[in-house]
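Listed below are the residues making up each chain.
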Amino acid sequence: MTPATIDLNGLDSDIRANVLRQLTASGLSEQVFVNQVYHALAGGQFSLLDLLGPNAGTLEAMQELTEGRGVTAENIEQLFADLHADD
């Protein structure tokens, strides 16, 4: 799929309206915006993870660390042994 064939009509109407207001205020069209996102992504200026953020598992792990319940290891071998262990 190329930027010219992306169907933006499937987006949530409130979100799309908000984005369109911001684009219009900036003097940009949806097509120019999508094109710029493609170029920035291809150029390594950001990754999809920057847009998506942490998933539920990562958020849970972050909460565990915040609460002091994280796994500790004496060395890298122990860490990897724990990572590969069947839980």
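Counting starts from 1 at the beginning of each chain's written sequence and moves along it residue by residue. Side-chain atom pairs in this predicted model are given and counted only at pLDDT of 80 or more, local residue features only at pLDDT of at least 70, and totals for whole chains, interfaces and linings cover all residues. Where side-chain values are given, they derive from all heavy atoms of the structure, hydrogens and water being excluded.

**What about a nonpolar patch on the surface?**
Threshold: Patches draw on residues past 30% relative accessible area with no salt bridge. Two like charges within 9 Å are joined, as are two nonpolar side chains (Val, Leu, Ile, Met, Phe, Trp, Tyr) within 5 Å. Residue burial considers only the protein chains on display, and all accessible areas are found by Shrake-Rupley using a 1.4 Å probe. The salt bridge definition used is simple: a Lys or Arg side-chain nitrogen within 4 Å of an Asp or Glu carboxyl oxygen. Numbering of helices and strands runs from the N terminus, with a helix taken as a DSSP run of H or I at least four residues long and a strand as a DSSP run of E at least two residues long. Relative accessible area decides the class of each residue, using a 1.4 Å probe on protein chains only: under 20% of the type maximum gives buried, over 50% gives exposed, and in between gives partly exposed.
Taken together, the side chains of Leu-41, Leu-48, Leu-49, Leu-51 and Leu-52 make up a nonpolar region of the molecular surface, amounting to roughly 540 Å² of accessible area. No other element matches the 4 residues that helix α3 (residues 48–52) contributes to the nonpolar patch. Its location among the elements puts Leu-52 in helix α3. A relative accessible area of 66% places Leu-52 in the exposed class.

**Remarks on helix α2 (residues 30–42)**
Operational definition: One less than the number of residues in a helix, times 1.5 Å, gives the span that helix is expected to have. This arc describes the spread of directions from the helix axis toward the C-beta atoms. Any pair of residues with heavy atoms lying within 4.5 Å of one another is described as a contacting pair.
Spanning 13 residues, α2 covers 18 Å between terminal C-alpha atoms, matching the ideal 18 Å at 1.5 Å per step. Buried residues of α2: Glu-30, Val-34 and Ala-40, and no others. The buried residues of α2 occupy an angular sector of 125 degrees when the element is viewed end-on, so they sit on one face. Exposed and oriented more than 90 degrees from the buried face of α2 are His-39 and Ala-42. Of the surrounding secondary structure, the elements contacted by the buried residues of α2 are α1 (13–26). Positive backbone phi, approximately 75 degrees, marks Gly-44, located one or two places after α2.

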